[in-house]
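Structure assessment
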Amino acid sequence: VPCSVCYTANRPAVLMIPGKYTCPTGWNTEYYGYLMTAHYGHESQTLYSCMDAGLEVIAGTGVNNNGLFFYNVEIASHPSLCPPYDCSGEELTCVVCSK
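So, here's what we can say about the structure. Computed from a predicted structure; not experimentally measured.

About the cut-offs
- Residues numbered from 1 in each chain as written.
- Predicted model: local features only at pLDDT ≥ 70, side-chain atom pairs only at ≥ 80, totals over all residues.
- Heavy atoms only, no water.
- Pairing = 2+ DSSP bridges.
- Helix = DSSP H or I, 4+ residues; strand = E, 2+ residues; numbered from the N terminus.
- Core = buried A, V, L, I, M, F, W, Y, C linked by side-chain atoms within 4.5 Å.
- Buried < 20%, exposed > 50% of the residue type's maximum accessible area, 1.4 Å probe, protein only.
- Contact = heavy atoms within 4.5 Å.
- Polar contact = N/O pair within 3.5 Å; in protein donor to acceptor, adjacent residues only side chain to side chain.
- Disulfide = S-S within 2.5 Å.

**Quick look at the pairing of strand 2 (residues 28–37)**
- Pairing geometry for strand 2 and strand 7 (residues 93–98), over 6 bridges, is antiparallel. Across the sheet, Thr29 pairs through a bridge with Cys97, a residue of strand 7.
- Bridge count between strand 2 and strand 4 (residues 71–72): 2 bridges; the pairing is antiparallel. The residue bridging Met36 from the neighbouring strand is Asn72, located in strand 4.

Okay, structure coming up:
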């Protein structure tokens with residue numbers, strides 16, 4: 001998976017907002033996608049990452065080095081706590097914003 005780091009010369013503040021796909025008023029959308037992390041059963045320690053919905057691959061980098069596997073973060077809650085939202089295993093979105 002190619003990695004991106006946001007650098008914006010004129011917008012020094014960059015943040016990732018889980019559970020959203022749009023930025024607050026006054027912020028610029030760098031990209032939006034899905035919140036991902038390592039499997040809860042794996043021993044590796046990871047942070048949550050926002051994977052671009054328009055993910056691109058780099059040609060010639062399809063080698064399997066048995067690196068970290070990314071899994072979608074899903075919403076899991078008691079149904080009575082969710083209305084009016086559906087929280088039955090839906091994948092959690094995210095957005096990266098700059099200002």
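That covers the picture; the talk isn't over yet.
**Some details on the nonpolar core**
- Core analysis: the biggest nonpolar cluster contains 7 residues, these being Tyr31, Leu35, Cys50, Val73, Leu92, Cys94 and Val96.
- Elements with a minimum of two residues in this core: strand 2 and strand 7.
- If we skip the residues at most four places from it in the chain, Cys94 touches Met16, Ile17, Pro18, Gly19, Lys20, Tyr21, Tyr32, Gly33, Tyr34, Leu35, Cys50 and Met51.

**A few points about the side chain of Thr37**
- Mapped onto the elements, Thr37 comes out in strand 2.
- For Thr37, a relative accessible area of 13% translates into the label buried.
- Within the local environment of Thr37, its side chain forms a polar contact with the backbone oxygen of Leu47, the two atoms lying 3.5 Å apart.
- With residues near it in sequence (within four places) discarded, Thr37 still touches Thr46, Leu47, Tyr48, Phe69, Phe70, Tyr71 and Val73.

**Observations concerning the environment of Val14**
- Looking at where Val14 falls in the secondary structure, it is placed in strand 1 (residues 14–18).
- Spatially, the C-alpha atoms of Val14 and Ser98 are 4.3 Å apart, while their sequence positions differ by 84 residues.

**A look at the state of the cysteines**
- With the rule as written, the count across this model stands at 2 disulfides.
- Here Cys50 connects covalently by a disulfide to Cys94, the sulfurs 2.1 Å from one another. Its torsion about the S-S bond being 95 degrees, the disulfide of Cys50 and Cys94 is classed as right-handed. One end of the pair, Cys50, is in strand 3 (residues 49–52); the other, Cys94, is in strand 7, and 44 residues separate them in sequence.

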